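# Residue-level structure breakdown
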Amino acid sequence: MFFQKKDWRERSLLRNRIRIAFRALLGVFLAFSFSWFFLETIKNVHPESEPESVGSKLEISGLEVVAESEPEQPCPDGMSCRQAADPFFSALEDEEIKIIRSEELNAELAERMLTPEEEAATINDIAEMDKIEETYEEALPSEAYMEEEELSEAELLRQYGEDYHIYHGHRSIREMGILPSKRPLYFGPQPVVAVVIDDMGVSPKRTADISSLQAPLTSSFLTYAKKLPAQIAAARQSGHEIMIHVPMQAKSDRDVAPDVLTVNMKPEEVGKRLEDMLAKFDHVKGINNHMGSLFTEDSERLGAVMEVLKKHGLFFLDSKTSAKSVGRQEAGKHGVVYAHRHVFLDNENNVDYINGQLRLTERIARKNGYAVAIGHPKSGTFQALAAWLPELEKKGIKLVPMSKIAEVTGIPQ
């Protein structure tokens, strides 16, 4: 009996302790809930002020630029008031913004060529490139250029007796029973094309895009481009041949580019300035003219260029910014290997237009055995080439560096 009373007392004591603990927990919960409700009420009565500035984020071709800006209010035209007041945004149409955002920057190339500060300044770089293009470019011919050379009757008879070939079918001239007007050039079993990209180096971003194309393109770098060694190394790593894009005076009244060769210079000065440009490069095989519609018509000054090229064993690719260029004559006179441009690819920065120019290049190559096309590091050119290059093998056309064509075209006679 004694033990039964003891057990009952212990159970009663345990129940009391459980009730006390439960009431304590309930009190803590109610106190916490009341405190939270009270604080929320205070915040609704006295709301916190909005931050004075917010971070705006802009993505450009794989780079993310974060800038601090004032809160933006919508404007009637769909742009923010800050953008409407910004000359960079107001100067560009929607079409141009698409050009800026059109392709993804190769991260590996960007890491090799751009410092973090330069990456953050990508917008300024593109805007500056647009300004440079407008300032330093002259209008380029839109038609294809074909240069026919008439040979003397004695030369035709001399060549007629030889077993050389023409492109179509590669048949012997003797078998065809015809007398050609000139000796055809033979480049092998397939028609060949050289695609030269001028103006490389001024815009690191656009140069990196072109350099990311893994193909035997020919990259012609401007002599006043920044960080030339790094940019050239990236292009070479993708299999590009390197040329020097030499600024020459144009007929237009536009401002001339740095390093430009002009018709007001004495021939000795032309030679000295060209030597200074060549010293910035190594392991190159040729040059072509940047602008130069006036300079390439000047026999004396262009002759001074040829003397330097002969000394260094370099070929001259005539961009044919003028149909009256004396490049062929002066190259022959000084014993310099010569070739000329057939097609400009991107007078319009439009993918459809550029695709049409690439088809024209193919037709010329199939007719003559070779063709030389010149483009520029534009967004449309990058997109068109990226799609066109993988299809060349199916079309039976071979892409070659410019020097391979120059080896066959040789020194003009």
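The preceding data block contains the structure.
Quick look at the structure, then.

Rules behind the numbers
- Residues numbered from 1 in each chain as written.
- Predicted model: local features only at pLDDT ≥ 70, side-chain atom pairs only at ≥ 80, totals over all residues.
- Heavy atoms only, no water.
- Helix = DSSP H or I, 4+ residues; strand = E, 2+ residues; numbered from the N terminus.
- Buried < 20%, exposed > 50% of the residue type's maximum accessible area, 1.4 Å probe, protein only.
- Salt bridge = Lys/Arg side-chain N within 4 Å of Asp/Glu carboxyl O.
- Pairing = 2+ DSSP bridges.
- Right-handed = clockwise from strand over helix to strand, strands pointing away.
- Core = buried A, V, L, I, M, F, W, Y, C linked by side-chain atoms within 4.5 Å.
- Contact = heavy atoms within 4.5 Å.
- Arc of directions from axis to C-beta.
- Phe/Tyr/Trp six-rings, centres within 6.5 Å; stacked < 30°, edge-to-face > 60°.
- Axes fitted to C-alpha atoms, helices over the stretch in contact; angles between N-to-C directions.
- Parallel < 35°, antiparallel > 145°, perpendicular 65-115°, else oblique.
- Left-handed = near helix turned anticlockwise from the far one by under 90°.

From N to C terminus, the protein includes 18 helices and 11 strands. Across the 413 residues of the protein, 45% fall into the buried class.

Turning our eyes to something else, we now look at the pattern of salt bridges. As enumerated under the stated definition, the model contains 13 salt bridges in all. Measuring nitrogen to oxygen at the nearest pair gives 2.5 Å for the salt bridge that ties Lys205 to Asp209. Of the two residues, Lys205 and Asp209 both sit in helix H10 (residues 204-211), 4 residues apart, roughly one turn of that helix. Relative accessible area serves as the criterion here: at 1%, Asp209 is assigned to the buried category. Measuring nitrogen to oxygen at the nearest pair gives 2.7 Å for the salt bridge that ties Lys251 to Glu297. Of this pair, Lys251 sits in the loop between strand S5 (241-248) and helix H12 (267-278) while Glu297 sits in the loop between strand S6 (286-291) and helix H13 (299-312), placing them 46 residues apart in sequence. A relative accessible area of 26% places Glu297 in the partly exposed class.

Before going further, it helps to spend a moment on the pairing of strand S4 (residues 218-222). Most of S4 is tucked away, with 5 of its 5 residues classed as buried. Of the two faces of S4, the one carrying Thr218, Ser220 and Leu222 and the one carrying Ser219 and Phe221 are both buried. Direction of pairing for strand S3 (residues 192-200) relative to S4: parallel, over a ladder of 3 bridges. In the strand pairing of S4, Val196 is matched with Thr218. Taken together, S3, H10 and S4 constitute a β-α-β crossover, and its handedness is right-handed. Bridging between S4 and S5 involves 5 bridges; their strand directions are parallel.

Grouped burial of nonpolar side chains is what soluble globular proteins tend to show. If you look at the biggest cluster of nonpolar residues, it comprises 57 residues, and the most contacted ones within it are Val195, Ile287, Val305, Phe316 and Leu389. Breaking this core down by element, the ones donating at least two residues are S3, helix H11 (228-237), S5, H12, H13, helix H15 (351-368), strand S10 (370-375) and helix H16 (379-388). Broken down by element, the residue count for this core peaks at 6 residues, all from H13. Excluding anything up to four places from it in sequence, Phe316 contacts Met248, Ile287, Asn289, Leu302, Met306, Leu309, Gly327, Val336, Val337, Tyr338 and Ala339.

This part covers helix H14 (residues 327-334). Along H14, the positions that sit buried rather than exposed are Gly327, Glu330 and Ala331. All buried residues of H14 fall inside an arc of 100° around its axis, so they share one side. Note on H14: the residue one or two positions beyond its end, Gly335, has a positive phi of about 70°.

Overall, the coordinates contain 2 aromatic pairs when judged by the stated rule. Consider the rings of Phe187 and Tyr370, whose centres lie 4.7 Å apart with planes at 35°: the pair is tilted. Pair noted here: Phe187 is in the loop between helix H9 (173-176) and S3 and Tyr370 is in strand S10, with a separation of 183 residues, a long-range link. Take Phe187 and Tyr370: they sit in the same class, and that class is buried. With centroids separated by 6.4 Å and ring planes inclined at 35°, the aromatic side chains of Phe316 and Tyr338 adopt a geometry described as tilted. Within this pair, whereas Phe316 is found in strand S7 (residues 315-318), its partner Tyr338 is found in strand S8 (residues 338-340), the two being separated by 22 residues in sequence. The class of Phe316 is buried, set by a relative accessible area of 0%.

Backbone geometry at Asp199 places phi at a positive 65°, although glycine is not the residue there. Take Asp199: it is sitting in strand S3. Here Met291, not a glycine, exhibits a phi torsion of approximately 60°, which is positive.

Turning next to the packing of H15 against H16. Where H15 contacts H16, the two axes come as close as 9 Å, and the packing angle between them is 50°. Classified by the angle their axes make, H15 and H16 are oblique. The two elements H15 and H16 meet at a crossing, and its hand is right-handed. Taking contact as the criterion, the partners of Val351, Ile354, Asn355, Leu358 and Glu362 in H15 are, on H16, Gly380, Thr381, Gln383, Ala384, Leu385 and Trp388.

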